Amino acid sequence: MVARTRFDADPCPVARSVDAIGDWWSLLIVRDAFDGSRRFGEFQRSLGVAKNILTTRLRVLEQAGVMRTAPASDGSSYREYVLTEKGRALFPVIVALRQWGESHCFEPGEAHSRLLDRRTGGPLSPLEIRAGDGRPVGPDETVVEKLGTVEGAD
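About the thresholds
Residues numbered from 1 in each chain as written. Predicted model: local features only at pLDDT ≥ 70, side-chain atom pairs only at ≥ 80, totals over all residues. Heavy atoms only, no water. Helix = DSSP H or I, 4+ residues; strand = E, 2+ residues; numbered from the N terminus. Buried < 20%, exposed > 50% of the residue type's maximum accessible area, 1.4 Å probe, protein only. Contact = heavy atoms within 4.5 Å. Areas by Shrake-Rupley, 256 points an atom, 1.4 Å probe, with all protein chains shown as cover. Phe/Tyr/Trp six-rings, centres within 6.5 Å; stacked < 30°, edge-to-face > 60°. Axes fitted to C-alpha atoms, helices over the stretch in contact; angles between N-to-C directions. Left-handed = near helix turned anticlockwise from the far one by under 90°. Nonpolar A, V, L, I, M, F, W, Y, C, P; charged D, E, K, R; others polar. Expected span 1.5 Å × (residues − 1). Core = buried A, V, L, I, M, F, W, Y, C linked by side-chain atoms within 4.5 Å. Parallel < 35°, antiparallel > 145°, perpendicular 65-115°, else oblique.

### Re the overall build of the protein
Secondary structure summary: the protein contains six helices and two strands in total. Sequence-ordered secondary structure for the protein, helices as α and strands as β, is α-α-α-α-β-β-α-α. A buried classification covers 29% of the 154 residues belonging to the protein. The long-range share in the protein, meaning contacts at least 24 apart out of those at least 6 apart in sequence, stands at 44%. Just so you have it, the protein exposes about 10,800 Å², and 53% of that area is on carbon and sulfur atoms.

Take a look at the structure:
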């Protein structure tokens, strides 16, 4: 069996979070798209991923409607990968993974990347889950409701 690539020493909190809980290539591609990567080579250089794996992950992200290809912004004959609205909706997920990683995947004083507000240059406030009335809620204040099929729906 091929050894799984690990990111537990990576300086990016998102990489460490995804290493612990998910399909790291896809979420890291999305992370890089938020950071401005648009071309295949940019994703490959950033991630150090094999061309065949990157090709497959990009194709899956396109098929899922998370990314689409578009003509190159510089007018060249290249195609670029851009996040769709569905892909941009992953921003809170990436921020949550980043913030979780900053809190739980680094030793005190260990260097890592930070996500900053462009306008102020300051760090973002920690994400909070809030109830409909605005109060913060945690896992003990929530319950999962399992829904059946809706009558009349096919």
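### Thoughts on the packing of aromatic side chains
With the rule as written, the count across this model stands at three aromatic pairs. Ring geometry for Trp24 against Trp25: centres 6.2 Å apart, planes inclined by 55°, an arrangement best described as tilted. Among the residues examined, Trp25 registers a relative accessible area of 9% and is labelled buried.

### Topic: the packing of helix α2 (residues 24-34) against helix α3 (residues 40-47)
It is at 10 Å that the axes of α2 and α3 come closest, and there the two elements cross at 115°. For the pair α2 and α3, the crossing hand works out as right-handed. In this structure, α2 uses Trp25, Leu28, Ile29, Arg31, Asp32 and Ala33 to contact α3, whose residues at the interface are Phe43, Ser46 and Leu47. Here the contact of α2 with α3 is built from residues that sort into six nonpolar, one polar and two charged.

### Here we look at helix α6 (residues 91-104)
Helical geometry note: an α-helix holds 3.6 residues per turn, so side chains three or four residues apart project in the same direction. With 14 residues, α6 extends 20 Å from end C-alpha to end C-alpha; this agrees with the ideal 20 Å at 1.5 Å per step. For α6, the complete set of buried residues consists of Ile94, Val95, Leu97, Arg98, Gln99 and Gly101.

### A word on the nonpolar core
Core analysis: the biggest nonpolar cluster contains 21 residues, and Leu28, Ile29, Phe43, Leu58 and Met67 have the highest contact counts within it. Those elements that place two or more of their residues in this core are α1 (13-21), α2, α3, α4 (51-63) and β2 (79-83). When residues in this core are grouped by element, the largest group, six residues, is from α2. In this structure Phe43 touches Ile29, Asp32, Ala33, Ser37, Arg38, Gly48, Leu54, Leu58, Met67 and Tyr81, once residues within four positions along its chain are discounted.

### As for the packing of α2 against α4
The geometry of α2 relative to α4 is characterised by a closest axis approach of 10 Å and an angle of 75° between their N-to-C directions. With respect to each other, α2 and α4 are oriented roughly perpendicular. Only Ile53, Leu54, Arg57, Leu58 and Leu61 of α4 make contact with α2, whose side of the interface consists of Trp25, Ser26, Ile29 and Val30. Partitioning the contact of α2 with α4 into residue classes produces seven nonpolar, one polar and one charged.

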